[in-house]
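If you want the building blocks of each chain, they are given just below.
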Amino acid sequence: MSEVTARVLPRTAWHAAEVVEVRRETPTAARIVLDVAGWPGNLPGQHLDVRLTAPDGYTATRSYSIASSGDGSQVVLAVARVPDGEVSPFLIDELRAGDRLEVHGPLGAYFVWHAPVDGGSGRPVQLIAGGSGVVPLFAIAQAHIDAADATPFRLLYSVRTPDDVFFAEELEAAAKGPVPFVADYVYTRRAPAGADEPVGRITRERVAAATFGPESEPLVYVCGATGFVEQVATWLVDLGHDPRAIRTERYGGT
Amino acid sequence: MQHFDGNLLAGALSDLLAFDATTARARCNGCGNVGEIATTMVFRSAAGTVARCPACGQVLLTIVQTGDRTFVNFTGTGAIEIPAR
């Protein structure tokens, strides 16, 4: 049995990663597939640090959530462009298959989900994403789809426009598939034609209407920009959720 | 200054300690709040990393990396409860 399936946290280390593929995820983000020598596998929700070293020895390190989970040496990232950023424009515009990166991970034991071992139903899971904060939540959702367990799952995803949705095909397939999974979208700039809900920022009312209520005692994972996460977490507590059942990950930004 | 949270400390702390400290629960010496290190408010600058109590803002720990050494100061932290592994 591998370390991951044994539910033991994989050991963390620096690894040499080779870029397998870089492709456009959205107009402002890239999906990057890495093959990481010695990678011990990772749990859904974990992240890694990427370190770039310039010819003059200058280094820059950034944390990225991992969009994949499980055993094996392949790791999928989805990186959003930070305008004027030091690392993300390089990863999106310059990185090519065959390039090498240093990665440190898998990291983080807090913002993770464990599928029920027997395929049964665990505690309901509510995922709430702001923008590229969907990446670790997608890893959790995909782990649930792959495990085909009976846990009730919902995703509420705040995103600028339909073109900005990460993992759009995978999320659509998951919502249509046999494993319990419902996805709702809040479009902050432009909605698809025929959408019922108004365009605009996420509201407390929308959170209340499109998520599992506190009576079903869900585990809630919230990831996004710091302001988004703190606002949503405050609403969830106001709505009656147990603060200990709300796990948050803030990536800074606006 | 924008802030992050303690999930971001996983890399630095796992380099220094023998386990992932982000699920360890730390007591704030300022207000007594007890919470996972992952839930702290984290501020980063070129000078270093500061984790503050999410309840009262007291500095719980600082990490300063120089060329070849790292200084970790659990300055505002009382007992740290480490989960079984």
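Quick notes on the rules
Residues numbered from 1 in each chain as written. Chains lettered and ligands numbered in written order. Predicted model: local features only at pLDDT ≥ 70, side-chain atom pairs only at ≥ 80, totals over all residues. Heavy atoms only, no water. Helix = DSSP H or I, 4+ residues; strand = E, 2+ residues; numbered from the N terminus. Rg over C-alpha atoms; globule rule 2.2 N^0.38 Å. Contact = heavy atoms within 4.5 Å. Lys, Arg positive; Asp, Glu negative; His and termini not counted. Charge placed at Lys NZ, Arg CZ, Asp CG, Glu CD. Salt bridge = Lys/Arg side-chain N within 4 Å of Asp/Glu carboxyl O. Buried < 20%, exposed > 50% of the residue type's maximum accessible area, 1.4 Å probe, protein only. Pairing = 2+ DSSP bridges. Axes fitted to C-alpha atoms, helices over the stretch in contact; angles between N-to-C directions. Phe/Tyr/Trp six-rings, centres within 6.5 Å; stacked < 30°, edge-to-face > 60°. Lys NZ or Arg CZ within 6 Å of the ring centre and 35° of its normal. Core = buried A, V, L, I, M, F, W, Y, C linked by side-chain atoms within 4.5 Å. Domains from an automatic or database assignment. Buried area = accessible area lost by both parts, 1.4 Å probe. Polar contact = N/O pair within 3.5 Å; in protein donor to acceptor, adjacent residues only side chain to side chain. Nonpolar A, V, L, I, M, F, W, Y, C, P; charged D, E, K, R; others polar.

Attention now goes to the overall build of chain B. The helix and strand inventory of chain B stands at 1 helix and 8 strands. Taken against the 2.2 N^0.38 rule, which gives 12 Å for 85 residues, the C-alpha radius of gyration of chain B at 12 Å falls within 12% of a compact globule. Considered along the principal axes of its C-alpha atoms, chain B spans approximately 35 × 35 × 20 Å. In chain B, the proportion of contacts linking residues at least 24 apart, taken out of those at least 6 apart, comes to 43%. Here chain B holds 6 positive side-chain charges and 6 negative ones, and the gap between their average locations is 6 Å.

Residue and element names in this part refer to chain A. With the rule as written, the count across this model stands at 19 salt bridges over all chains. The shortest N-O distance in the salt bridge between Glu86 and Arg62 comes to 3.1 Å. With Glu86 in the loop between β5 (74-80) and α1 (88-94) and Arg62 in strand β4 (residues 59-65), the pair connects residues that are 24 residues apart, well separated along the chain. Residue classification places Glu86 among the partly exposed positions, given a relative accessible area of 44%. Residue Arg204 pairs with Asp238 through a salt bridge whose shortest N-O separation is 3.3 Å. Here Arg204, found in helix α4 (residues 204-209), pairs with Asp238, found in helix α5 (residues 226-238); they are 34 residues apart in sequence, far enough to count as distant. Judged by its relative accessible area of 47%, Asp238 is partly exposed. Each of Glu25, Arg31 and Glu170 takes part in a single network of salt bridges with overlapping partners.

For the rest of this paragraph, the subject is the sheet that holds strand β8 (residues 77-81) of chain B. Residue and element names in this part refer to chain B. Judged by pairing direction, the sheet is antiparallel, and its 3 strands sit side by side in the order β3-β2-β8 without closing on themselves. Only two strands of the sheet have a single neighbouring strand rather than two, namely β3 (34-36) and β8. For this sheet, the mean inter-axis angle between neighbouring strands, taken without regard to orientation, is 30 degrees. The sheet contact formed by strand β2 (residues 25-28) and β8 spans 3 bridges and is antiparallel. Among the inter-strand pairings, Cys28 is bridged to a residue of β8, identified as Thr77.

Scanning all chains against the criterion turns up 6 aromatic pairs over all chains. Between Tyr157 of chain A and Tyr185 of chain A, the ring centres sit 5.8 Å apart and the planes meet at 40 degrees, which makes this aromatic pair tilted. One end of the pair, Tyr157 of chain A, is in strand β8 (residues 153-159); the other, Tyr185 of chain A, is in strand β9 (residues 182-187), with 28 residues separating them in the sequence. An angle of 15 degrees between the planes, with centres 6.0 Å apart, marks the rings of Tyr185 of chain A and Tyr187 of chain A as stacked. Owing to a relative accessible area of 14%, Tyr187 of chain A belongs among the buried residues under this scheme. Grouped by ring-pair contacts, the aromatic residues Phe138, Phe166 and Phe167 of chain A constitute a single cluster. The ring of Trp14 of chain A carries the charged tip of Arg51 of chain A above its face, separated from the ring centre by 3.9 Å. A cation sits over an aromatic face here: Arg44 of chain B above Phe4 of chain B, 5.4 Å from the ring centre.

A few words on the nonpolar core. All names here are of chain A. Counting residues in hydrophobic clusters, the biggest one holds 35 residues, and the most contacted among them are Leu127, Tyr157 and Tyr221. For this core, the secondary structure elements donating two or more residues are β2 (29-36), β5, β7 (125-130), α2 (134-147), β8, α3 (168-176), β9 and β10 (219-224). Sort the elements by how many residues they give to this core and α2 lands first, with 7 residues. Once residues lying within four places of it in the same chain are set aside, the contact partners of Leu127 are Leu137, Ile140, Ala141, Phe153, Arg154, Leu155, Leu156 and Tyr221. By size, the runner-up hydrophobic cluster in this structure holds 22 residues, among which are Val19, Ile66, Val75 and Ile92.

Size of an interface: often given as the accessible area lost when the parts come together. Residue and element names in this part refer to chain A. Along its sequence, chain A is organised into domain 1 (13-107) and domain 2 (125-250). On a C-alpha basis, the centres of domain 1 and domain 2 stand 24 Å from each other. Contact residues are listed per partner, giving 16 residues for domain 1 and 15 residues for domain 2. Summed over both partners, the interface of domain 1 with domain 2 buries about 1200 Å², with 61% contributed by carbon and sulfur atoms. Inspection of the domain 1/domain 2 interface yields 1 salt bridge. Between Glu170 and Arg31 there is a salt bridge, and its shortest N-O distance comes to 3.0 Å. The interface formed by domain 1 and domain 2 holds 4 residue pairs in polar contact (both at pLDDT 80 or more) in total. For the side of domain 1 that touches domain 2, the elements supplying multiple residues, two or more each, are β1 (13-26), β2 and β5. Of the residues contributing to the side of domain 1 that touches domain 2, the split by class is 7 nonpolar, 7 polar and 2 charged.

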